[in-house]
There are 2 protein chains.
Amino acid sequence: MEGDFGDFPLRETRIAILGTGLIGGSLALALREHVRALYLADPDPEARALAHTWNLGDLVTPHPEDAVRHAQVILLAAPVRAILDLLQRLPQWIAHPAIVVDVGSTKTAICQAMAALPPRFDPIGGHPLAGKTEAGLAHADPHLFRERPFIFTPLPRTSPRARAFAQALAYVVGAFPLWMEPEAHDRLVAYTSHMPYLLSAALALAVPPETRDVMGPGFASTVRLAGSSPRMMLDILMTNLDAVLEALDALQDALWEVRRTLEKEREKDLQRLLQNVAQRYWAWFR
Amino acid sequence: MEGDFGDFPLRETRIAILGTGLIGGSLALALREHVRALYLADPDPEARALAHTWNLGDLVTPHPEDAVRHAQVILLAAPVRAILDLLQRLPQWIAHPAIVVDVGSTKTAICQAMAALPPRFDPIGGHPLAGKTEAGLAHADPHLFRERPFIFTPLPRTSPRARAFAQALAYVVGAFPLWMEPEAHDRLVAYTSHMPYLLSAALALAVPPETRDVMGPGFASTVRLAGSSPRMMLDILMTNLDAVLEALDALQDALWEVRRTLEKEREKDLQRLLQNVAQRYWAWFR
């Protein structure tokens, strides 16, 4: 699924973004100068007030049905199960053809729901691999996606035009598009995102209160994902449970391997293990 | 062990730093303008060449016995077991009284070795809670210790003068001193530093190679400690094994709690767990 899907006339396109949290808000900031119109919907009054202050959209509304009314592209930027709910309601709100892209963190359930949309919709799944601990529009950043992968999971029905839009979206926010099957996406990010979240969560639960004074930068880094939004993570875990449990298996096995090597107190074995770990790390992040 | 130990005349003091890696080098950068003389020793020719280029010391030598010759304070900034070795050899090199401070990552073994020093030495254990993934003098930073705790573990024989020096050292590098028993230090940092390293190591071992393309910022953060120097970590683990295994127990128990809650698929329980995790995180890092 590689390749170049050609140009897409972003400048002539009216885009609705449903959800102006960290990701939806950052997309809005990155897109606003490059599109014909931006219609924003968010249920949170504070987010809407900030969007008004920043003059972030041509329309800022609590009503998603108003935001999508004149949009040729609809970007769904909410927690996964809120996206599933929006996909259910979209056909009642909109009678004209529209490209539908989401930016949710799991893709299988969302692409299944997209497959059930009426034919006037041209859907494609999306997931920018970007984020930070602080959620919400107040922390949005137009550069959040720079040099990051923007994964797209097309459906069999996804048109070349929707793929061209996806590619243009990735490029205009500074990301690079990656094409993938929804199930492959969910299995891989279970290892690199959802299981690491559970690992940070377990770390947060495991440290006794008296450690408070000795939390250095290493601890802050390792426990960072524990600060993720519980609502967002709950939706992710509930829509990717099998893959998450598989990745958790692999982690628990690796922890036992580490533990056995420590308990044997055979220094050469421990040294080999630590060198293997550092080699893997620096192969990824040098 | 709180309190103010008075002024120490840093400007009149000749200090030797044995080991100019990330920590020793950062201390040298932060201290150079505030002391009478700085004598640096490091076995690595590249580190010495860089120290010469930066004009970092009044003496830069491969021979620790030369660096300590005229020093009133000796700072040991090497991996833990290299510090133990230096403490063994110090009495042969130096016949005059000297304050001895180390900055190693575990304190019990080092303070035991310090207790065996001849009476002309005035020893105190130290550990600045600062660092980064990249090791070595090339990555040294005089601001590394700013607003970080600098833990000191005095011995019964440690004089008020050595405590005053420790306090002055912390202040001049921008850190704040924290006084602790060596065993308490080692137990606490097992939870906040050594076990988190093992957790990152297990994560590095657990992810399959095909995840390479989908490693986002969350993964980078959680796995960061896996990039730590194997030599440094080997010394830490070998000198703090019991406390590390206790902390690993707590982590493995917490992981099982997380796993059981996932497998039950009782959404309310999972939600409560995730909210508890986020509350803990934001109580520490807000």
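Residues numbered from 1 in each chain as written. Chains lettered and ligands numbered in written order. Predicted model: local features only at pLDDT ≥ 70, side-chain atom pairs only at ≥ 80, totals over all residues.

Here's the deal with the overall build of chain A
Then comes step 1: Looking only at helices and strands, chain A features 11 helices and 8 strands.
Then comes step 2: In summary, chain A has a C-alpha radius of gyration of 21 Å against a globular reference of 19 Å for 286 residues, a match within 12%.
Then comes step 3: Principal-axis analysis of the C-alpha atoms places the extent of chain A at approximately 70 × 40 × 30 Å.
Then comes step 4: By residue count, 53% of the 286 residues in chain A fall in the buried class. (Helix = DSSP H or I, 4+ residues; strand = E, 2+ residues; numbered from the N terminus. Rg over C-alpha atoms; globule rule 2.2 N^0.38 Å. Buried ≥ 20, exposed ≤ 12 C-beta atoms within 10 Å, placed from the backbone.)

Regarding the sheet that holds strand 5 (residues 98-102) of chain A
Residue and element names in this part refer to chain A.
Then comes step 1: Judged by pairing direction, the sheet is mixed, and its 8 strands sit side by side in the order 3-2-1-4-5-6-7-8 without closing on themselves. Of all strands in the sheet, those bounded by a partner on one side alone are strand 3 (59-61) and strand 8 (176-179). Put simply, the sheet's adjacent strands are angled 20 degrees from each other on average, direction ignored.
Then comes step 2: The pairing of strand 2 (residues 37-41) with strand 3 spans 3 bridges and is parallel. Pairing of Leu40 across the sheet is with Val60, part of strand 3. (Pairing = 2+ DSSP bridges. Axes fitted to C-alpha atoms, helices over the stretch in contact; angles between N-to-C directions.)

Quick notes on the sheet that holds strand 2 (residues 37-41) of chain B
Pairing between the strands of a sheet is mediated by backbone hydrogen bonds and can be parallel or antiparallel.
All names here are of chain B.
Then comes step 1: What the 8 strands build is an open sheet, ordered 3-2-1-4-5-6-7-8; its pairing is mixed. The outermost strands of the open sheet, each flanked by one partner alone, are strand 3 (59-61) and strand 8 (176-179). Put simply, the sheet's adjacent strands are angled 20 degrees from each other on average, direction ignored.
Then comes step 2: Two elements, strand 6 (residues 121-128) and strand 7 (residues 149-154), share 5 bridges in a ladder whose sense is antiparallel. Bridge pairing in strand 7 links Pro128 to Phe150.
Then comes step 3: Packed onto the sheet, helix 1 (residues 22-31) meets strand 1 (14-18), strand 2, strand 4 (73-76) and strand 6 and runs at close to 160 degrees relative to strand 1. (Contact = placed C-beta atoms within 7 Å.)

Details of the relation of the copies chain A and chain B
Then comes step 1: Expressed as a screw transformation, the operator carrying chain A onto chain B has a rotation angle of 180 degrees and an axial translation of 0.0 Å, and the superposed copies differ by an RMSD of 0.0 Å. Given the turn and translation reported, the copies of this chain are related as if by a two-fold rotation axis. Minimal C-alpha separation from the rotation axis in chain A is found for A:Thr222, amounting to 2.2 Å. (Least-squares fit on C-alpha atoms with pLDDT ≥ 70 in both.)

Side note on the interface of chain A and chain B
Then comes step 1: Listed by partner, the interface residues are 72 residues for chain A and 72 residues for chain B.
Then comes step 2: Where the side of chain A that touches chain B is concerned, the elements lending two or more residues are helix 7 (182-206), helix 8 (217-223), helix 9 (230-238), helix 10 (241-264) and helix 11 (267-285) of chain A.
Then comes step 3: Element by element, the count of residues in the side of chain A that touches chain B is highest for helix 7 of chain A, at 16 residues.

Quick look at the domain arrangement of chain A
All names here are of chain A.
Then comes step 1: Structurally, chain A comprises domain 1 (10-180) and domain 2 (185-285).
Then comes step 2: Spacing between the C-alpha centres of domain 1 and domain 2 amounts to 31 Å.
Then comes step 3: Across the contact, 14 residues belong to domain 1 and 12 residues belong to domain 2.
Then comes step 4: Elements that contribute at least two residues to the side of domain 1 that touches domain 2 include exactly helix 4 (80-93), helix 5 (108-115) and strand 7 (149-154). (Domains from an automatic or database assignment.)

Observations regarding the pairing of strand 6 of chain B
Then comes step 1: Judged by how many residues are buried, strand 6 of chain B sits mostly within the fold: 8 of 8 residues are covered.
Then comes step 2: Of the two faces of strand 6 of chain B, the one lined by B:Phe121, B:Pro123, B:Gly125 and B:His127 and the one lined by B:Asp122, B:Ile124, B:Gly126 and B:Pro128 are each fully buried.

Quick notes on the environment of A:Phe152
Then comes step 1: Summarising the element assignment, A:Phe152 is placed in strand 7.
Then comes step 2: On a C-alpha basis, the gap between A:Phe152 and A:Gly125 in space is 5.5 Å, while along the polypeptide they are 27 residues apart.

Description of the packing of helix 9 of chain A against helix 11 (residues 267-285) of chain B
Then comes step 1: At a closest axis distance of 9 Å, the pairing of helix 9 of chain A and helix 11 of chain B adopts a crossing angle of 140 degrees. Taken together, the axes of helix 9 of chain A and helix 11 of chain B lie oblique to each other. Where helix 9 of chain A crosses over helix 11 of chain B, the handedness of that crossing is right-handed. Between helix 9 of chain A and helix 11 of chain B, the contacting residues are A:Pro230, A:Met233, A:Leu234, A:Leu237 and A:Met238 on the first element and B:Glu267, B:Leu270, B:Gln271, B:Leu274, B:Gln275 and B:Ala278 on the second.
Then comes step 2: For the contact of helix 9 of chain A with helix 11 of chain B, the residue count by class is 8 nonpolar, 2 polar and 1 charged. (Parallel < 35°, antiparallel > 145°, perpendicular 65-115°, else oblique. Left-handed = near helix turned anticlockwise from the far one by under 90°. Nonpolar A, V, L, I, M, F, W, Y, C, P; charged D, E, K, R; others polar.)

Comments concerning the packing of helix 7 of chain A against helix 7 (residues 182-206) of chain B
Then comes step 1: Relative to each other, helix 7 of chain A and helix 7 of chain B sit at 165 degrees, their axes nearing to 11 Å. The angle between the axes of helix 7 of chain A and helix 7 of chain B places the two elements in the roughly antiparallel class. For the pair helix 7 of chain A and helix 7 of chain B, the crossing hand works out as right-handed. Each of A:Pro196, A:Leu199 and A:Leu203 in helix 7 of chain A lies in contact with helix 7 of chain B, whose residues at this interface are B:Pro196, B:Leu199 and B:Leu203.

Structural notes on the environment of A:Arg120
Residues and elements named next belong to chain A.
Then comes step 1: Turning to its location among the elements, Arg120 is positioned in the loop between helix 5 and strand 6 (121-128).
Then comes step 2: A sequence separation of 55 residues divides Arg120 from Glu65, and the C-alpha atoms of the two residues are 17 Å apart.
Then comes step 3: Ignoring anything within four residues of it in the chain, the contact list for Arg120 reads His96 and Pro97.

So, the environment of B:Ala140
Then comes step 1: You can see B:Ala140 is positioned in the loop between strand 6 and strand 7.
Then comes step 2: Once residues within four sequence positions are removed from consideration, B:Ala140 is found in contact with B:Leu22, B:Gly25, B:Ser26 and B:Leu29.

Let's talk about the pairing of strand 7 of chain A
Residue and element names in this part refer to chain A.
Then comes step 1: Within strand 7, 6 of the 6 residues are buried, leaving the element largely enclosed by the surrounding structure.
Then comes step 2: Side chains of strand 7 alternate between two faces, with Pro149, Ile151 and Thr153 and Phe150, Phe152 and Pro154 buried alike.
Then comes step 3: Relative to strand 8, strand 7 runs parallel, the two sharing 4 bridges. Pairing of Phe152 across the sheet is with Trp179, part of strand 8.
Then comes step 4: Between the parallel elements strand 7 and strand 8, the chain passes through helix 6 (residues 160-172) in a crossover that is right-handed. (Right-handed = clockwise from strand over helix to strand, strands pointing away.)

With respect to unusual backbone geometry
Residue and element names in this part refer to chain B.
Then comes step 1: Here the phi dihedral of Glu147 falls at roughly 60 degrees; this positive angle occurs in a residue that is not glycine.
Then comes step 2: Mapping Glu147 onto the fold places it in the loop between strand 6 and strand 7.
Then comes step 3: Although it is not a glycine, Glu265 adopts a positive phi angle of roughly 55 degrees.
Then comes step 4: Position of Glu265 among the secondary structure elements: in the loop between helix 10 (241-264) and helix 11.
Then comes step 5: When the 11 C-beta atoms within 10 Å are taken as the criterion, Glu265 is described as exposed.

Description of helix 6 of chain A
Residue and element names in this part refer to chain A.
Then comes step 1: With 13 residues, helix 6 ought to run about 18 Å at 1.5 Å a step, and its terminal C-alpha atoms sit 18 Å apart, in line with that.
Then comes step 2: Packed against the buried residues of helix 6 are strand 4 (73-76), strand 5, strand 6, strand 7 and strand 8.
Then comes step 3: Positive phi appears at Gly174, one or two residues downstream of helix 6, with a value of about 90 degrees. (Expected span 1.5 Å × (residues − 1).)

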